[in-house]
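Here is what each chain is made of, one letter per residue.
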Amino acid sequence: MIQLENVTKVFSGKKGSIQALDDVSLHVKKGEIFGVIGYSGAGKSTLIRCANLLERPTTGTVKVNGVDLTALSPGKLREARQKIGMIFQGFNLLKTATVYDNVAIPLKLSGLNKQEVKERVEKYLEIVGLEQKHQAYPGELSGGQKQRVAIARALAHEPEVLLCDEATSALDPDTTEAILELLLKINRDLGITILLITHEMNVIQRICDRVAVMEQGQVIEQGTVMELFTTPQKATTKKFIGSVFSHNIPESTLTHLQGNGRIALLSFFGISSGEPALALVSKHFNVFPNILSGSIIQMKQEPYGQLLVHLRGDKEEVEKAIEFLIEKGVQVEGEDHYAVNIQRVS
Amino acid sequence: MPSTFSEFLNNWGEDIWAATIETFQMVSIALLVSIIIGLPLGILLVMTRPGKGMENKFVYQLLNIFINIIRSIPFIILLFFILPFTKWVVGTSIGVKGVIVPLVVYTAPYIARLMESAILEVDRGVVEAYEAMGIKTRNIIWHVLLRESRSSIILGLTIATIGLIGATAMAGLVGGGGLGDLAYRFGHLRYEADVMYVTVALLIILVQGLQSLGNAAAARLKKD
């Protein structure tokens with residue numbers, strides 16, 4: 001649906017040039033939610049702005065729904081953009097217009113007649129849950145409500161693609177959650193493909209199907225969200241995942257425990273998180289598992305959990321227990337999760 | 001010195017009324033023409049700025065210098081300096097007609113600057129959002145830039161109008177008439193102090209009224 005091929009963007013200023021994007025290629029499939037995560041300055045903002053040519057790539061091509069945007073005339077590009085919705089961190093609404101007009105004005109300017117405009121505004125304000133707020137001004141709304149207006153404005157053009165430029169970064173956690181729910185609903189019910197950028201891992205984990213990690217203008221890693229969580233390759237990726245799971249155990253405790261059995265990081269998906277595998281371990285083997293830290297997060301498809309456990313017992317019994325856990329579909333990692341390159345036990 | 005107010009009115013009422021009308025005429029016509037010229041210039045100043053939609057260094061710099069030059073000349077000098085131009089445009093250089101041209105030359109660049117700063121206040125992000133929706137530039141100018149800055153535009157026009165009223169006082173020198181001229185000719189040159197006081201009072205009321213009106217309108221149009 002969205003194809004960025006070898007996109008490079010160089011900003012040249014008086015103090016030399018900055019390479020914001022360095023040979024980036026991305027393919028967003030129809031109907032999926034694709035997330036791009038990176039720290040500020042990684043180039044993700046430039047990347048999403050290249051997807052509708054708000055920023056024209058220095059080299060490379062951008063195709064949306066098979067149409068090469070870089071080859072279009074200004075008039076044709078405007079037409080193509082009407083089918084690419086975009087929402088922003090700062091909402092970007094008209095302060096002087098009511099909620100209704102904020103959605104209606106762009107529609108009128110795109111040439112829809114009065115009746116069509118009215119129908120669409122009503123329909124999409126209802127979808128975002130603002131049917132009671134038609135006559136309110138943005139100044140009277142909360143951040144979350146403003147973003148809902150912006151989403152309705154974008155959807156009212158009935159786009160095939162929605163670009164989200166840090167859409168939840170200015171919102172508090174509860175509101176973020178509600179907006180993410182709304183994006184999921186839009187993706188599911190209206191079949192709109194979503195490309196989003198963020199610096200918050202919980203956004204990726206919560207709603208994305210696939211994800212790319214950016215650093216210094218390059219995509220350093222990409223795959224399904226599950227792949228990224230279970231087998232992260234790059235240090236930056238691991239850091240982002242660490243922001244969701246933080247097992248902060250004092251080093252001294254770890255060294256103390258390591259003499260007697262071993263410490264393992266268990267991760268499990270969906271079904272295995274429902275089965276009491278750990279309880280079974282203590283029943284079948286002469287091993288006493290002791291949970292040091294753990295958490296379960298809700299991913300788009302299924303829950304994903306991590307437990308840091310100390311398995312106390314004889315070396316042989318512990319090995320057997322670990323094998324049993326792997327058999328049960330639990331991923332078992334390393335002695336020491338602090339190490340950057342975790343040694344896989346299996 | 002007239003002993004009563006009615007006596008004063010009998011003596012000067014007609015002149016003051018006529019002068020008020022002349023002031024209104026000069027201000028309204030000059031203001032209208034100045035807006036017609038100044039507003040597009042202000043938009044052009046914003047749009048041709050480096051990094052904006054219609055970036056054009058040449059047009060931007062030329063306009064910038066041109067406006068600065070005109071704005072450097074005090075009105076009283078401008079009035080005489082452009083006499084030939086005035087004559088060429090309207091066929092005369094005296095009377096209300098003859099004074100409109102220098103008033104416009106004086107006010108239009110001022111309005112252009114005021115409009116420029118008003119429009120520059122508009123959040124760049126909103127313009128970007130409209131670009132992303134595939135809206136034409138001229139629609140963005142009208143429905144985003146001017147709409148969002150309308151409150152500042154009104155305040156700017158209020159300032160320009162008050163400046164214009166001040167300038168019309170000097171216009172009396174080329175026979176434009178008006179309140180300022182009345183105060184100068186009768187009040188100053190013929191020592192009719194009362195006429196001076198009354199015209200000054202009228203001008204104060206006019207300016208106060210205009211500013212309050214402008215403030216109220218701007219507040220009404222501002223929605224945040």
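Residues numbered from 1 in each chain as written. Chains lettered and ligands numbered in written order. Predicted model: local features only at pLDDT ≥ 70, side-chain atom pairs only at ≥ 80, totals over all residues. Heavy atoms only, no water.

Asks: Can you lay out the overall build of chain B for me, pointing to particular residues and giving the numbers?
Replies: Summing up its helical and strand segments, chain B has ten helices and zero strands in all. Ordering the α and β elements of chain B from the N terminus gives α-α-α-α-α-α-α-α-α-α. Over its C-alpha atoms, taken along the principal directions, chain B stretches across nearly 70 × 40 × 25 Å. When the 224 residues of chain B are sorted by exposure, 45% land in the buried category. Restricting to contacts in chain B with at least 6 residues of sequence separation, those with at least 24 account for 71%. Of the roughly 11700 Å² of accessible surface on chain B, a fraction of 66% belongs to carbon and sulfur atoms. The centroid of the 17 positive side-chain charges in chain B is displaced by 10 Å from the centroid of its 15 negative side-chain charges. (Helix = DSSP H or I, 4+ residues; strand = E, 2+ residues; numbered from the N terminus. Buried < 20%, exposed > 50% of the residue type's maximum accessible area, 1.4 Å probe, protein only. Contact = heavy atoms within 4.5 Å. Areas by Shrake-Rupley, 256 points an atom, 1.4 Å probe, with all protein chains shown as cover. Lys, Arg positive; Asp, Glu negative; His and termini not counted. Charge placed at Lys NZ, Arg CZ, Asp CG, Glu CD.)

Asks: Outline the sheet that holds strand S10 (residues 218-224) of chain A, supporting the account with residue identities and numerical values.
Replies: Residue and element names in this part refer to chain A. The strand order across the open sheet built from six strands is S6-S7-S8-S3-S9-S10, with neighbouring strands paired in mixed fashion. The sheet is open, and its two edges are formed by strand S6 (84-88) and S10, each paired on a single side. Averaged over all adjacent pairs, the angle separating strand axes in this sheet is 15 degrees, with direction ignored. Pairing geometry for strand S9 (residues 210-215) and S10, over six bridges, is antiparallel. Bridge pairing in S10 places Arg 210 opposite Thr 224. (Pairing = 2+ DSSP bridges. Axes fitted to C-alpha atoms, helices over the stretch in contact; angles between N-to-C directions.)

Asks: Tell me about the domain arrangement of chain A, and please be specific about residues and values.
Replies: Quoted interface sizes are often the accessible area lost when the parts come together. All names here are of chain A. When cut into domains, chain A gives domain 1 (2-237) and domain 2 (245-345). The partner domain 2 presents twelve residues to the 13 residues of domain 1 that form the contact. Here domain 1 meets domain 2 over a buried area of about 1000 Å², counting both sides, of which 61% is carbon and sulfur. Put simply, domain 1 and domain 2 have zero salt bridges between them. The interface formed by domain 1 and domain 2 contains one residue pair in polar contact (both at pLDDT 80 or more). Put simply, the parts of the chain that give the side of domain 1 that touches domain 2 at least two residues each are helix H6 (173-189), helix H7 (201-207) and helix H8 (225-230). Sorting elements by how many residues they give to the side of domain 1 that touches domain 2 places H8 first, with four residues. When grouped by side-chain class, the residues that make up the side of domain 1 that touches domain 2 number seven nonpolar, four polar and two charged. (Domains from an automatic or database assignment. Buried area = accessible area lost by both parts, 1.4 Å probe. Salt bridge = Lys/Arg side-chain N within 4 Å of Asp/Glu carboxyl O. Polar contact = N/O pair within 3.5 Å; in protein donor to acceptor, adjacent residues only side chain to side chain. Nonpolar A, V, L, I, M, F, W, Y, C, P; charged D, E, K, R; others polar.)

Asks: Can you tell me about the interface of chain A and chain B, naming the residues and giving the values?
Replies: If you look at the interface, chain A gives 24 residues, while chain B gives 21 residues. Here chain A meets chain B over a buried area of about 2100 Å², counting both sides, of which 58% is carbon and sulfur. Viewed at the interface, chain B and chain A are joined by one salt bridge. For the salt bridge of B:Glu128 with A:Arg49, the shortest nitrogen-to-oxygen distance reads 2.8 Å.

Asks: Tell me about the UniProt feature "domain: ABC transporter" (unreviewed entry) in chain A, and name the residues and values.
Replies: The UniProt record marks residues 2-241 of chain A with the feature "domain: ABC transporter" (unreviewed entry), using the residue numbering of this structure. Taken end to end, residues 2-241 of chain A is 38% helix and 28% strand, and its two terminal C-alpha atoms sit 26 Å from one another. (UniProt positions renumbered as here; feature names shortened; annotations may be inferred.)

Asks: Please set out helix H9 (residues 179-189) of chain B residue by residue, giving values where relevant.
Replies: All names here are of chain B. The set of residues buried in H9 consists of Leu 179, Gly 180, Asp 181, Leu 182, Ala 183, Phe 186 and Gly 187. The secondary structure elements touched by the buried residues of H9 are helix H1 (5-47), helix H8 (150-171) and helix H10 (193-221). Where H9 ends, the next residue or the one after it, Tyr 191, has phi of about 55 degrees, a positive value.

Asks: So what's going on with the pairing of strand S8 (residues 193-198) of chain A? Residues and values would help.
Replies: Residues and elements named next belong to chain A. Among the six residues that make up S8, six are buried, leaving the element largely enclosed by the rest of the structure. Side chains Thr 193, Leu 195 and Ile 197 of S8 all project onto a buried face; the interleaved residues Ile 194, Leu 196 and Thr 198 project onto the opposite face, where all are buried too. In this sheet, S8 lies alongside strand S3 (residues 33-37) in parallel orientation, the contact comprising five bridges. Bridge pairing in S8 places Ile 37 opposite Thr 198. On the question of chirality, the crossover connecting strand S7 (residues 161-165) to the parallel S8 by way of H6 is right-handed. (Right-handed = clockwise from strand over helix to strand, strands pointing away.)

Asks: Explain the pattern of salt bridges residue by residue, including any values.
Replies: Evaluation of the coordinates by the stated rule reveals 15 salt bridges over all chains. Residue A:Arg120 is joined to A:Glu158 by a salt bridge in which the shortest nitrogen-to-oxygen separation is 3.7 Å. Residue A:Arg120 is located in helix H4 (residues 114-127), and its partner A:Glu158 is located in the loop between helix H5 (143-155) and S7; the two are separated by 38 residues in the primary sequence. Relative accessible area serves as the criterion here: at 32%, A:Glu158 is assigned to the partly exposed category. Between B:Glu116 and B:Arg49 there is a salt bridge, with the nearest N and O atoms lying 2.6 Å from each other. On the criterion of sequence distance, the pair formed by B:Glu116 in helix H5 (residues 95-120) and B:Arg49 in the loop between H1 and helix H2 (57-72) is long-range, its members being 67 residues apart. The buried category is assigned to B:Glu116, whose relative accessible area is 6%. What you see here is one network of salt bridges that share partners, running through A:Arg49, A:Glu55 and B:Glu128.

Asks: I'd like a description of the packing of aromatic side chains, backed by residues and values.
Replies: Between two aromatic rings, the relevant description is the distance of the centres plus the angle of the planes. All names here are of chain B. Scanning all chains against the criterion turns up five aromatic pairs over all chains. Look at Phe 85 and Trp 88: their rings are 6.1 Å apart centre to centre, the planes differ by 35 degrees, and that puts the pair in the tilted class. In this pair, Phe 85 and Trp 88 both sit in helix H4 (residues 83-90), three residues apart, roughly one turn of the helix. Judged by relative accessible area, Trp 88 falls into the exposed class, the value being 69%. (Phe/Tyr/Trp six-rings, centres within 6.5 Å; stacked < 30°, edge-to-face > 60°.)

Asks: Outline the UniProt feature "transmembrane region" (unreviewed entry) in chain B, supporting the account with residue identities and numerical values.
Replies: All names here are of chain B. Under the UniProt annotation, "transmembrane region" (unreviewed entry) lies at residues 24-46, 58-82, 88-108, 153-175 and 195-218. Structurally, residues 58-82 is divided into 88% helix and 0% strand, and its ends, taken at the C-alpha atoms, are 26 Å apart. Taken end to end, residues 195-218 is 100% helix and 0% strand, and its first and last C-alpha atoms sit 34 Å apart.

Asks: So what's going on with the environment of A:Lys133? Which residues, and what values?
Replies: Residue and element names in this part refer to chain A. Among the structural elements, Lys 133 can be located in the loop between H4 and H5. For the pair formed by Lys 133 and Val 203, sequence separation is 70 residues and the distance between their alpha carbons is 27 Å. Leave out the neighbours within four places in its chain, and Lys 133 touches Val 99, Leu 141 and Gln 145.

Asks: How would you summarise unusual backbone geometry if you had to cite specific residues and measurements?
Replies: If a residue is not glycine, its phi is most likely negative; likewise, a peptide bond is most likely trans. All names here are of chain A. Although it is not a glycine, Asn 6 sits at a positive phi angle of roughly 45 degrees. Tracing the chain through its elements places Asn 6 in strand S1 (residues 2-13). In this model, Glu 166 sits at a positive phi of 50 degrees, which is unusual for a non-glycine residue. With respect to the element layout, Glu 166 can be found in the loop between S7 and H6. Classification of Glu 166 as buried rests on a relative accessible area of 9%.

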